Amino acid sequence: MITEIAPAPRKAAAEPAGTRTGRRSWDEVPRWQIYVPLTVYLLFTLVPFYWILLFALRPAGSTSLVPWPMTFEHFEKVWTERSFGTYFTNSVYVGLATLVLTTVVALAGGYALARFDFRLKRGFMLALLCSQFVPGALLLVPLFQIFAKLSMINSLGSVVIAETVFQLPLSMILISGFIRNVPYSLEEAAWVDGCNRLTAFRIVVLPLLRPGLVAVGSFAFVHAWNHFLFALMFLSDQGKQTIPVGLDTLMSADSVDLGALAAGGIIAALPVVIVFAFIQKWLITGFSAGAVKG
């Protein structure tokens, strides 16, 4: 009769002296080597923001390093006298319209790139990537001529179309990557259950793309909100200008109203900060989904 002999238990290896608690590992970093660079970085980042708040909140002519007594006269001046209320409304319209158009068109194009094979597909993807290296200034003249023939000069629609066209290539590539991460078998299961392609996409795929859509839409909105060139070239009426062009009007060749300029900068930056504060979780999830194939 053959029996299996259990192996003798191994003796625990003796730990070398000095490996227990109390010895600092070679890869441990002292805390000051972490805190000092972070502190320098925070100062480098936050001091300009504090300087802008200082100029915006302290009275005109004051040289105090503390905004006290605090005043909002600069905000009232730029909002009413310098028409920043109108600029703000126009920027919101351009940003939201660009967000919607970019997301919808990129969603359709990204689905086609992810789910269908066609001739010259790789060449088309390469052309989309290469188009990102073309600066918008090179296309101002042909775009201006096109919009002039369409009677769209001095119209917010021309800025929306131009912003959407320049956002689409990268947005389509990103959306196609997100769609590839959705298993194709989920759509096939929906087809078996009686759904057509559009219904299966709306019920199965679209909810899984929410983080990616938030990422693409937010970047389209921020780019349209901050872009200066198209609004300057295609809009001549002051009542149709956007926030970046409005900030440029606060600077003249002779003098610059620093208080008004700082207040206008805060008005321009505040919506973007609020948007990213609310969607940062979706952005992180979207980037993770795009980086890891699941």
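Scroll up to find the structure.
Small disclaimer: the values here were computed from a predicted structure and weren't measured. (Residues numbered from 1 in each chain as written. Predicted model: local features only at pLDDT ≥ 70, side-chain atom pairs only at ≥ 80, totals over all residues. Heavy atoms only, no water.)

### Description of the packing of helix α3 (residues 84–115) against helix α9 (residues 210–226)
Running from amino to carboxyl end, α3 crosses α9 at an angle of 145 degrees, the nearest separation of the two axes being 8 Å. Of the two elements, α3 crosses α9, and the hand of that crossing is right-handed. On α9, the residues that touch F88, S91, V92, V94, G95, L96, T98, L99, T102, T103 and L107 of α3 are L213, G217, A220, F221, A224 and W225. Class assignment for the residues of the contact of α3 with α9 results in 11 nonpolar, six polar and no charged. (Axes fitted to C-alpha atoms, helices over the stretch in contact; angles between N-to-C directions. Helix = DSSP H or I, 4+ residues; strand = E, 2+ residues; numbered from the N terminus. Left-handed = near helix turned anticlockwise from the far one by under 90°. Contact = heavy atoms within 4.5 Å. Nonpolar A, V, L, I, M, F, W, Y, C, P; charged D, E, K, R; others polar.)

### Overview of the environment of K240
If you trace the backbone, K240 turns up in the loop between α10 (229–234) and α11 (243–249). Note on K240: relative accessible area 32%, which makes it partly exposed. Expressed as a C-alpha distance, the spacing of K240 and N154, which sit 86 residues apart in the sequence, is 7.5 Å. Those residues in contact with K240, other than ones at most four positions away along the chain, are N90, N154, L156 and L235. (Buried < 20%, exposed > 50% of the residue type's maximum accessible area, 1.4 Å probe, protein only.)

### Concerning the pattern of salt bridges
A full pass over the atoms with the stated rule returns two salt bridges. We note a salt bridge from E187 to R115, for which the minimum N-O separation is 2.6 Å. Of this pair, E187 sits in helix α7 (residues 184–192) while R115 sits in helix α3, and the two are 72 residues apart along the sequence. Judged by relative accessible area, E187 falls into the buried class, the value being 0%. Here R115 falls in the buried class, since its relative accessible area comes to 16%. (Salt bridge = Lys/Arg side-chain N within 4 Å of Asp/Glu carboxyl O.)

### Focus on the side chain of S91
With respect to the helices and strands, the residue S91 is situated in helix α3. Judged by its relative accessible area of 1%, S91 falls in the buried class. Once residues lying within four places of it in the same chain are set aside, the contact partners of S91 are W225, T242, I243 and P244.

### Remarks on helix α8 (residues 197–208)
Between its first and last C-alpha, α8 extends 16 Å over 12 residues, near the 16 Å set by a 1.5 Å rise per residue. Taken as a whole, α8 has its buried residues at A200, F201, V204 and V205. End-on, the buried residues of α8 take up no more than an arc of 115 degrees, which puts them together on one face. What points out from α8, more than 90 degrees from its buried face, is the exposed set L198 and R202. Where α8 is buried, its residues contact α3 and α7. (Expected span 1.5 Å × (residues − 1). Arc of directions from axis to C-beta.)

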